[in-house]
Every structure is written in C-alpha cells, then in structure tokens.
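Next come the chains, spelled out residue by residue.
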2 protein chains.
Amino acid sequence: MPRPSTPLLSPDRIRSVALAIIDRDGLDGLSMRKLAAELGVQAASLYGHVRTKDQLLNDIASSILSTVDVSGFTVDWREGLIRCARSYRAALSSHPNIVPFLAYGPAGREESLQRLDLLHGALVDAGWSRREATMIAAGLMYIVFGSALSSFSSGFSSDPADYTDRYPHLDRAHLLPGVARELDRDSFELALAAFVRGL
Amino acid sequence: MPRPSTPLLSPDRIRSVALAIIDRDGLDGLSMRKLAAELGVQAASLYGHVRTKDQLLNDIASSILSTVDVSGFTVDWREGLIRCARSYRAALSSHPNIVPFLAYGPAGREESLQRLDLLHGALVDAGWSRREATMIAAGLMYIVFGSALSSFSSGFSSDPADYTDRYPHLDRAHLLPGVARELDRDSFELALAAFVRGL
DNA sequence: CGACTAACCGAACAGTGTTAGGTTAACTCA
DNA sequence: TGAGTTAACCTAACACTGTTCGGTTAGTCG
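Rules and cut-offs
- Residues numbered from 1 in each chain as written.
- Chains lettered and ligands numbered in written order.
- Predicted model: local features only at pLDDT ≥ 70, side-chain atom pairs only at ≥ 80, totals over all residues.
- Heavy atoms only, no water.
- Helix = DSSP H or I, 4+ residues; strand = E, 2+ residues; numbered from the N terminus.
- Buried < 20%, exposed > 50% of the residue type's maximum accessible area, 1.4 Å probe, protein only.
- Contact = heavy atoms within 4.5 Å.
- Areas by Shrake-Rupley, 256 points an atom, 1.4 Å probe, with all protein chains shown as cover.
- Core = buried A, V, L, I, M, F, W, Y, C linked by side-chain atoms within 4.5 Å.
- Near = heavy atom within 4 Å.
- Polar contact = N/O pair within 3.5 Å; in protein donor to acceptor, adjacent residues only side chain to side chain.
- UniProt positions renumbered as here; feature names shortened; annotations may be inferred.

Along chain A, the regular secondary structure elements total nine helices and zero strands. Reading the helices (α) and strands (β) of chain A from amino to carboxyl end gives α-α-α-α-α-α-α-α-α. Among the 199 residues that make up chain A, the fraction classed as buried is 48%. Counted over contacts in chain A with a minimum sequence separation of 6, partners at least 24 positions apart contribute 64%. Carbon together with sulfur atoms contributes 52% to the accessible area of chain A, which is approximately 9,500 Å² in total.

Given below as structure tokens:
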C-alpha cells in the first residue's frame, strides 16, 4: 500500500498514539512495531516522521512539561513556589508512566529550563542571591520528581499479611490503591509545605 | 570449554563485575553478553547463577541499599532524619548510574522497607502519629531520590553561549562539572535542612 | 569404576530499534 | 495534459537484546 490518498501519519498523531500506549501499557509497553501497528502502518514508515524513538519520547515529554504553569508568582514567592510545584506535579501525574523516562534523561530539557529560568528570576527579585535561587529551585524539583517517581512505583503487590510481621512499625494502609494515591498527595503537600516554610 | 577445574562464575563475582560495568558504561551499557564476555564466559552460562537480568539488577540494588545507615536516631529525631537522608544519598551517589533502575522498580524493596520501618518507628516514638510518620518518611525519600536523580542527569552538554541568551536568569556556573557536583550537594543540604526545619 | 551433577558452550527464538532500497500515489510545472 | 519530482508507504534485512534448549565434559559421590 504505497502512498495513500490521505496521509495516515503525522508527528502529532504518532505522538498522541504513542502517549496513549505508554499510559495504557507502560513505558516498556511501547515499541515502534506496536506503535506502527496501532497506527495501521509498518514500523519503518514511522521514521519518515520521527527521527528516532528517543526523540519521540523527548517530544512527548516536552509537550507534557509545556503544560506546567509558572505564572503564579504575582503574589509572593512562597505561594509562587507552591503553585509551581503543584502544577508540575499535576502535569507529571497525569501521565505517570513516562516519569521514569523524564527522570532518566537530561534534566536540561528545553521546557524545564524555560520554567526554571522564570522561577529563578522571581526568586532573585524576591531578594535571594543567584546561587540560593538555583538551590531553592533544585530543591523544589527534588520534591516534585521524587514524589512523581514514588507515586509511580507505589504499585505494591506485597502480601499485606507478612508485611505487618516484617515491618511492625509501618502502617499497611497505604497498600490499598485508593489510599495510596491520597497518601501520596498528602505526603507531597506536607513535604512541599515543610520545605517552603523552612526556607 | 566445558566445566573448568575451578569455577569461573559465582553470584558475587557476577554482581560485582555487573556493577562495575554499570558504573563505567551506564545502565544501558550493561548487557548479558557484555557481562559474560567481561567474565570470560558465554552469555548462556550466566543463567546457571542468576535467574534473570532483572533479578540481577535487583540484587545489586539491594546490596547498595543495605549500606544505608539508619542508626542515628539516638539523639533527636531531626538529627536522625538528616543523618539517615545523608547516608541514603551517599549510598546512591556512589553508584549514580543505577539510580534510575532503583527509582523505576517498586519502592517496596526489602532493604528500603526495613530502613523505612526503623525510621517510622523512631518518628512515632518522638510523638508523631503513624500517618504523619509515614508522610514524613515519604517526604524524606522524595528529597533523597529527587536529588540522586538530578545529580545523575546533570550531565549537561548544552552550549554555554546560547544558554545565557535563552535563559537570562539562570546562572550558567553549574554547567561546569566540578561546580555541578558541589552545587548538587549544597542543594540537597539546603532542601533537607529546609524540610526538617519546616516540619 | 559407574552414575550423577554442575558448569560451561553453541545455536536458536522472539523481540528490539533502525536502515536501505523499492513502489506508487500525489503534487508541480511547462 | 503530461513529465518529473517528491512524499508516503512497504518489504527485507542488520545488529542487537534477554532467554532457553540440548549437548559436552570435569568434578564428586557411592
């Protein structure tokens, strides 16, 4: 089937189906052949629209990061930090399966740097030194990414029975999926609040 | 060369050479064939000593995590938290290339849980509720893993020239490898101090 | 000495990302 | 309208990956 009347593929369509596969089957569940099949096409055809799989993932990651909103610095910097972190976390947790890739790759991602730059500028305006501002922004990212990764990997499947035997202090309530998500969010909020308050 | 007089392989030797490869060539640089070659052996032979590659990585991860020291809670809980976090970070940053695997896999790792259990117990003894203790421990892990991941990925290779153009606020000093490590450590210490102080 | 196990090897399987070369539809321009 | 070019797909293959099967032999135990 050579050159169909209306093109089957476009970078946008590829990205969106790829992200759907990642959301459904996890990061390892995405292969070029599977992606092609789901697009009704052979694997090789993808390479006319996408330079490489890594690049594809990077593009997807960037498009996710670009939904982060850092425009909350009008009030004061503490509130701004908290809003920015929440927005980051929201973006990441909407597609948790891609977070390991995000964390794996270079942190020097275009979209990330743009937002860090804004954040940094706002902190400097608030009176922090450049170096302090960098470290504060880094600390914020620690909490955001640490939280995103932990929630991703909280797919516990231990047996709650011997769990209590071996770890008597730990509350086993967080093994329940529903509770886990809520606890994750509360832990994030607590860490964020403590961090900002402690500055 | 079937069944040599003295065995060439042992789980320990496999683990140690595998970790050396990871440290040298990164996580993706480890393949069973390469590992086998470096052990003077064929790939298939590994499977007499190791159930699967994933299991091998898990074992390595566990042995790294088991070097974490959480015995610093004798003084007060704040100091205990800080020491525990430092020890965790030290363990992770001694083998930064394996951190993505650690973060990827289930957080419910045996060695991790054992230490979290101790930490949790100490926090409860100090007067926190069980739920609060869980969240505090989680927050601490956010900072530890976030920091470990960021340092891993600080292998920036951007061009410092257009860097300043595009991100005017950001200090580009951290692009220098030596400074990056120091800044990473300082950011970690700042985040940790702020978090603990803010509790 | 014979049986058995433990340790390694060669070859293969199914899967991966990626490339080269071919085929044909759609577009461009005289 | 017709020729030439480009763009979009295909088939086939390459070099990998983790893993398994069946074989071969050295060491060990009865």
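Right, let's talk about the nonpolar core for a bit. Counting 120 residues, the largest nonpolar core has Leu35 and Leu81 of chain A together with Leu35, Leu81 and Leu140 of chain B as its most contacted members. In terms of residue count, the dominant contributor to this core is helix H7 (residues 130-152) of chain A (twelve residues). Residue contacts for Leu81 of chain A: discarding those within four places in its chain leaves Phe73, Leu119, Leu123, Ile136, Leu140, Val196 and Leu199 of chain A.

Here we come to the protein's contact with DNA strand D. Lining the immediate surroundings of DNA strand D are 23 residues, of which Leu8, Gln42 and Ser45 of chain A together with Ser5 and Thr52 of chain B lie closest. In DNA strand D, atoms within 4 Å of the protein come 64% from sugar and phosphate. Between His49 of chain A and DNA strand D, the recorded distance is 3.0 Å, taken from a side-chain N or O atom to a phosphate oxygen. One of the side-chain N or O atoms of Arg33 of chain B is found 2.8 Å from a base nitrogen in DNA strand D.

In the numbering used here, UniProt assigns the "DNA-binding region" (unreviewed entry) feature to residues 31-50 of chain A. Between the end C-alpha atoms of residues 31-50 of chain A there is a gap of 14 Å, over a span that is 35% helix and 0% strand.

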